[in-house]
Amino acid sequence: MLQRRIHHLSCALLLLALLPIPSLARPFVLVFSQDDLSDPAAVPNHPSPPEDVADFDDFPESESKPDSVLDPGSWSPLFEPDLNFKNPNPNDDDEVIYYNGVRKMVEAASRGDFRVMEEAVAEIEAAAAVGQPHGQSVMGFLYSMGIGRDRSEGKAFLHHYFAAQGGNMQSKMALAYTYYRQEMHDKAVKLYAELAEVAVNSFLISKDSPVIEPIRIHNGAEENKEALRKSRGEEDEDFQILEYQAQKGNAGAMYKIGIFYYFGLRGLRRDHGKALRWFSKAVEKGEARAMELLGEIYARGAGVERNYTKALEWLTLASRQELYSAYNGMGYLYVKGYGVEKKNYTKAKEYFEKAADNEEPGGFYNLGVMYLKGLGVKRDLKIATNYFALAANAGQPKAFYQLAKMFHTGVGLKKNLPMATALYKLVAERGPWSSLSRWALEAYLKGDIGKSFLLYSRMAEIGYEVAQSNAAWILDKYGERSMCMGESGLCTDAERHQRVHALWWKASEQGNEHAALLIGDAYYYGRGTERDFDRAAEAYMHAKSQSNAQAMFNLGYMHEHGQGLPLDLHLAKRYYDQALAVDPAAKLPVSLALASLWIRRNYGNSFLVDMIDSLPEVYPKVEAWVEDVIMEEGNATILTLFLCLLTVLYLRERQRRHAVAGDIVPPQQPVEQAAPLVM
């Protein structure tokens, strides 16, 4: 069965994977054809390598380490301090100054205190001036946003460049994203390849890590209440119910809570100690999935001393209960020679095939590695590519890395730097620096909008679409309450509009249709930028290409009035019809627009057309009057009471009339004599 699938995929391969939202607003689709495969003659099949082959999948094992080690200069010591790692280093004065500056910066954003922000910027700048790379990285961020300093993309780039040279990973992300936006793929691909490798180093060997996607705190223009409700950690009612079930002895609930703590899901902080306790309790109840995770924990040394022998024991127990993903871990241990007498590629392949036969993505991936490297099999790049594609189709992140590498090097797939860059970026965004999203969400849920906005802004700068969208939405939604910091104080209206525009624009470039629509509105109405109908139409076209009904309606309106697009009533009707086809809820506005078109076509020179054209000018005035006068807090209360009084008076009057009508006896009508029946 598996061989038939590979045979079908060798000619044309559709790879569909739901990738992290920070990268794209929609599912990312790759289509491989025969033309994408590299010439087999260019890369000959090499014999199997010797037994001392280097790392099986290019990712060396490492002890479980905190973000502050994997991501030097990370702000994790401020948000998730680890008592086992002293950070900042008390013997490094520059690092101490840097972290003091960052602490003050976060505090200033939280309180909206620009005086404290000035102190923070001065300390961070002092660290940067002596070559401290993490200080240079934050200065790059401050110049990019225009916080406490004049906004300067040039100075931001320069600071990030030197910070990246000094090993700061977030500055490497910022540089890679800058090159990516400018389509300088030859430079972007190198940085994203390095960052993707760092990200993949922390992935599991047996069961795939769940995709921990940054939460989109808004849904269109409204707050995403359902997603936020599920991110409240131990305060979430669903979690409390699950915990109650676990305490009552439910093994499945114990396992789920262990997963939440192990990966840091549903708003919980990662806690390997708690995860280990819950998994151990679940194992006592015979939960096979917990056995597999215990195998992972011992193989990685996450919260316990690394022990490959125990890892193999737990994985073997899980596999005996037909948990096929456990075969991946067992195969991995045999291919590396960990916890067993020696490496055994034949046995490893057997285990990987068992996993693959049961649709386990890890099995596909590991078989792909064996065929890519010729481990225990004849090297075959086409089969390796197909296995990686099957794994990636199921969302296996390492498979995306391998496909990116093949596009990058031209081995197995024809060299394609734009594709390699995009795939590396998707993997890189799963690195330890993604913790910024968790801290930003926690701050938002606690009502600390200023801190949340600062963290989302930092994440937005290094290329996460979801963070760009969230930061822009916070500015739009909260305005002055966002605690947005500008060059010399809290953001002016102009600074806020400019920043919102820049954030939505970046998000729209990465496929966010709502962002593209808002960019169109900004150009159409001149919000935060000069009014430009041509650029508005361009943005609406971008949103329309993603099946956005509002953008289609707007394009129809612009064709109807000749604004930024040629005056064309036929095209206007086509766009209105498309908007209705995409969103049936648009029936009322589309019907009104079609009525307007009919009047314009049949009574082009009448007063009716002039009246219709005047509506866009009248409506904002009416809307402003309603908002400023009617909806003003005191007036709204008075109006509500007045309407209630009118309602009471009306009901009493109607009751009185009914009562009066019941008291009046209707006059009896005279009974007419029936006429005699004439025969």
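Every value quoted in this text rests on a predicted model; they were computed, and no experiment measured them.

Our focus in this paragraph is empty space enclosed by the protein. Across all of its chains, the model carries four cavities of 30 Å³ or more by this definition. Here the second largest cavity is characterised by a volume of approximately 70 Å³. Ser144, Met145, Arg151, Glu153, Gln498, Arg499, Ala502, Leu503 and Lys506 are the residues that line the second largest cavity. For the lining of the second largest cavity, the elements supplying multiple residues, two or more each, are helix H6 (133–145) and helix H25 (493–509). In terms of residues, the lining of the second largest cavity owes the most to one element, H25, which gives five residues. Across the lining of the second largest cavity, the residue classes tally to three nonpolar, two polar and four charged.

For the rest of this paragraph, the subject is the nonpolar core. Counting 168 residues, the largest nonpolar core has Trp75, Met105, Tyr192, Phe279, Tyr424 and Ile474 as the members making the most contacts within it. Broken down by element, this core gets its largest block of residues, nine residues, from helix H12 (residues 251–263).

The geometry of two aromatic rings is summed up by the distance between their centres and the angle between their planes. Tallied over the entire structure, the rule returns 23 aromatic pairs. Ring geometry for Tyr161 against Phe162: centres 5.6 Å apart, planes inclined by 80°, an arrangement best described as edge-to-face. Overall, Phe162 belongs to the partly exposed group, its relative accessible area being 45%. Aromatic side chains Tyr327 and Tyr351 sit 5.7 Å apart centroid to centroid with 20° between the ring planes, which places their arrangement in the stacked category. In this pair, Tyr327 sits in helix H16 (residues 326–336) while Tyr351 sits in helix H17 (residues 345–357), placing the two residues 24 residues apart along the sequence. Across the pair, Tyr351 and Tyr327 agree in class, each one buried. In this structure an aromatic cluster arises from ring pairing among Tyr255, Tyr262, Phe263 and Phe279. One residue, Lys281, lies across the ring of Trp278, its end atom 4.7 Å from the ring centre. Lys347 extends its terminal NZ or CZ atom over the ring of Tyr334, reaching a point 6.0 Å from the ring centre.

With that settled, the discussion passes to the pattern of salt bridges. Applying the stated criterion across every chain, the model contains 22 salt bridges. As a salt-bridge pair, Arg438 and Glu80 come within 2.6 Å of each other at their nearest N and O atoms. Remark: Glu80 occurs in the loop between helix H3 (76–79) and helix H4 (93–111) and Arg438 occurs in helix H22 (residues 435–445); sequence separation between them is 358 residues. In this structure, Arg151 engages Glu153 in a salt bridge whose closest nitrogen and oxygen atoms are separated by 3.1 Å. Linked through salt bridges whose partners overlap, the residues forming this network are Lys104, Arg115, Glu119 and Glu123.

Conventions we followed
- All residue numbers here refer to positions counted from 1 along the written sequence of the relevant chain.
- With the structure being a predicted model, the display of local features is reserved for residues of pLDDT at least 70 and the display and counting of side-chain atom pairs for 80 or more, all residues being used for whole-chain, interface and lining totals.
- Only hydrogens and water are set aside; all other atoms, that is, all heavy atoms of the structure, feed into the side-chain values.
- Think of a 1 Å grid over just the protein atoms. A cavity is a set of points where a 1.4 Å probe fits yet cannot get out, a pocket is an open set with protein on both sides within 12 Å along at least five of seven lines, and lining residues have an atom within 4 Å of a point.
- Grid points are joined across faces, edges and corners, and a volume is the space filled by probe spheres set on the points.
- The way it works is that DSSP assigns letters per residue, a run of H or I at least four long becomes a helix, a run of E at least two long becomes a strand, and they are numbered from the N terminus.
- Each residue is assigned to one class: nonpolar for Ala, Val, Leu, Ile, Met, Phe, Trp, Tyr, Cys and Pro, charged for Asp, Glu, Lys and Arg, and polar for all the others, Gly among them.
- Nonpolar cores were defined as sets of buried Ala, Val, Leu, Ile, Met, Phe, Trp, Tyr and Cys residues, with membership established by side-chain atoms within 4.5 Å.
- Burial classes: relative accessible area under 20% of the type maximum marks a residue as buried, over 50% as exposed, and values in between as partly exposed (1.4 Å probe, protein chains only).
- Under the pairing criterion, centres of Phe, Tyr and Trp rings, with the six-membered ring standing for Trp, must be within 6.5 Å; the plane angle then separates stacked pairs below 30 degrees from edge-to-face pairs above 60, leaving the rest tilted.
- Counting as a charge over the ring demands two things of the Lys NZ or Arg CZ atom: a distance within 6 Å of the ring centre and an angle within 35 degrees of the ring normal.
- By definition here, a salt bridge exists when the distance from a side-chain nitrogen of Lys or Arg to a carboxyl oxygen of Asp or Glu is within 4 Å.

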